[in-house]
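# Close look at the chain arrangement
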Amino acid sequence: MSAVAEHTVAEPRLRSGAAFDIARFAVYAILIVMAAVFLMPLVSMAFTSLKSMDEIRGGNLLAPPMAVTLDAWYSAWGSACISVDCSGLKGYFYNSIKLVVPAVLISVMLGALNGYVLTKWRFRGDDLLFGAMMFGCFIPFQIVLIPMAFTLGKIGLAGSTAGLVLVHVVYGVCFTTLFFRNFYVAVPDELVKAARMDGAGFWQIFFRVLLPVSWPIVVVAVIWQFTGIWNDFLFGASFAGGQSQPITVALNNLVNTSTGVKLYNVDMAAAMITAAPTILIYLFLGRFFLRGLMAGAVKG
Amino acid sequence: MASTENPAGRRSLLPKFVLAPSVLMVLVGVYGFMLFSVILSFTSSKMFPRFAFSGLDQYERLFSNPRWSVAVQNIFIFASLYIVLATALGLLLAILIDQKIRAESVFRTVFLYPMALSFIVTGVIWQWLLNPGLGIERVMQSWGWESFSFKWLVEPDMAIYTVVIAGVWQVTGFVMAMFLAGLRGINGEILSAARMDGAPTRKIYTRIIIPALRPVFLTAFVIESHLAIKSYDLVVALTKGGPGYATELPSTFMYTTTFTRNEMGLGAASAVVMLIALAIIIVPYLYSELRNERRG
């Protein structure tokens with residue numbers, strides 16, 4: 001946890017005298033062109049979702065809609081066909097919320113407690129344990145798909161939201177532990193010692209000393225888990241039943257459900273509905289996320 | 001890194017009790033399940049696990065399977081281009097953004113937002129943009145470039161490169177953010193000293209700044225290769241592994257083999273190979289990270 005500041009000193013405003021203006025122009029030119037390339041897919045998606053199919057067939061995917069219509073949005077939300085069920089994404093949107101909220105809360109709480117124990121109540125072998133947990137962050141999930149499918153079946157959680165919550169907690173706790181552990185390492189042990197002198201116990205130290213200073217890393221962990229779980233497809237496709245499928249699985253099915261004509265405007269509206277929660281979170285909280293994440297991830 | 005060694009702490013069972021559920025989850029969910037998959041890969045399991053030991057049969061079948069060869073070839077093409085392009089573009093954008101520019105936060109936001117999207121959303125968008133009939137091809141033609149042709153999405157030899165395009169678009173902002181954090185962490189005094197000595201800008205970058213970013217290159221490489229090997233959703237949404245099985249990756253191979261073709265032993269063997277490939281990259285990295293930390 002070094003250099004948390006967003007604008008640290010480093011001043012590579014490396015100007016080179018005479019060529020300054022041209023260099024400056026080049027910097028902006030490249031940035032603006034790149035920004036246009038990066039924005040193009042989003043813009044095209046938004047435009048397309050507001051057009052009628054006639055306009056799409058006749059026009060250009062970067063042209064703004066001439067006659068704006070929300071029909072595709074209504075359809076994607078409430079009446080588009082996903083396999084045989086023609087009631088749009090709305091039910092799946094709620095499925096994802098019912099999945100994300102408990103999975104994020106549980107995994108972040110566990111991560112905070114683990115980070116606290118691993119840094120302030122150290123014991124023999126804790127580093128090894130932490131290393132073993134970190135490896136869990138990086139495994140290809142294909143290696144656990146088959147055993148997890150059987151385990152969920154054995155404990156009666158196959159095809160349920162509760163089962164999917166459990167899966168996301170198991171593989172999310174590695175990351176949240178990593179975040180909190182790296183954050184708490186930088187909290188001076190003296191604070192903990194002083195609290196202990198005053199007779200504070202395990203829980204009091206956690207709630208009164210550590211938790212109040214933890215909000216930067218709580219934001220990181222919550223955003224990380226929220227986007228990761230909301231955007232997950234592999235676990236959702238593998239373990240959710242028809243009624244508990246998350247929105248990413250539904251989006252993929254919607255796009256692949258062909259009822260004759262391909263409705264690109266509905267596909268794009270559905271993609272935007274799926275992307276909306278994470279985009280909004282990113283727009284409003286992204287700054288805090290990056291600040292915290294970079295401080296933890298890029299040391300040295 | 002100071003440790004809190006106090007007698008009360010060592011004796012108390014409460015902290016270990018608090019840690020226990022997570023340790024149990026990781027022990028079973030990561031290591032137990034890994035072992036389970038390894039064992040399955042040595043059996044002739046089809047639709048259900050059968051513990052009839054079959055030696056290395058599944059691995060022999062795997063390595064002689066044409067779909068798997070295509071998947072392995074594709075992961076090398078995809079991962080190397082993805083890593084090189086995302087790193088180069090990310091570094092370039094970070095350096096440009098670091099030139100005390102106006103509206104820095106707007107640029108950062110624009111480059112970063114794809115990171116917030118699901119790979120399924122990314123796949124759906126790019127499938128639309130790269131659509132031979134209505135996509136970018138049509139745009140170029142309507143702008144007067146009548147002969148413009150861009151059909152990679154439906155050409156077996158080129159389809160894997162569409163996955164690279166979409167993947168790079170999604171991850172570059174994240175790599176940029178890592179490099180930007182690295183640039184902002186470089187000691188300003190060294191740079192001023194170099195400038196005082198009259199070193200030209202280009203030299204300052206090639207001799208001082210880029211070498212100082214070595215740890216960021218390493219982190220970026222590890223994260224990118226991890227994402228590349230795990231890539232599954234993007235291919236499913238963009239090409240469904242097609243045309244034919246031209247864009248098959250190990251991850252999609254594992255899934256269809258296990259759950260669609262009911263070849264569980266073979267699927268498990270492919271997952272084990274993926275795990276080994278990733279471990280070769282991750283384990284040394286984690287080991288050196290944890291060691292540096294202890295020394296630091």
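Before any of the text, the structure's been laid out above.
Below, the structure is looked at part by part.

Quick notes on the rules
Residues numbered from 1 in each chain as written. Chains lettered and ligands numbered in written order. Predicted model: local features only at pLDDT ≥ 70, side-chain atom pairs only at ≥ 80, totals over all residues. Helix = DSSP H or I, 4+ residues; strand = E, 2+ residues; numbered from the N terminus. Buried ≥ 20, exposed ≤ 12 C-beta atoms within 10 Å, placed from the backbone. Contact = placed C-beta atoms within 7 Å.

## Details of the overall build of chain A
When helices and strands are tallied, chain A shows 13 helices and zero strands. Element order for chain A, N to C, with α for helix and β for strand: α-α-α-α-α-α-α-α-α-α-α-α-α. Overall, chain A is about 75 × 75 × 30 Å in size when its C-alpha atoms are taken along their principal axes. Residues classed as buried in chain A amount to 48% of the 300 residues present.

## Some points on the overall build of chain B
Across its full length, chain B carries 14 helices and zero strands. Along the chain direction, N to C, the helices and strands of chain B fall in the order α-α-α-α-α-α-α-α-α-α-α-α-α-α. Along the three orthogonal principal directions, the C-alpha set of chain B runs to about 80 × 75 × 30 Å. Per-residue burial over chain B gives 45% buried out of 296 residues. Of the contacts formed within chain B by residues at least 6 apart in sequence, a portion of 70% connects residues at least 24 apart.

## Regarding the interface of chain A and chain B
Listed as interface residues are 84 residues of chain A and, on the opposing side, 93 residues of chain B. With 13 residues, helix α13 (residues 264-297) of chain A is the single largest residue contributor to the side of chain A that touches chain B.

## Topic: the environment of Phe130(A)
All names here are of chain A. Residue position: Phe 130 is located in helix α5 (residues 126-138). Once the C-alpha coordinates of Phe 130 and Thr 177 are considered, the two residues, 47 residues apart in sequence, prove to be 8.4 Å apart. If sequence neighbours within four positions are ignored, Phe 130 has contacts with Leu 118 and Arg 181.

## Some remarks on helix α12 (residues 247-256) of chain A
Most of α12(A) sits out of view: eight of its ten residues are buried. For α12(A), the set of buried residues is Ile247(A), Thr248(A), Val249(A), Ala250(A), Leu251(A), Asn252(A), Leu254(A) and Val255(A).

## Points about the environment of Thr259(A)
As for its placement among the helices and strands, Thr259(A) is situated in the loop between α12 and α13. We classify Thr259(A) as exposed; it has 9 C-beta atoms within 10 Å.

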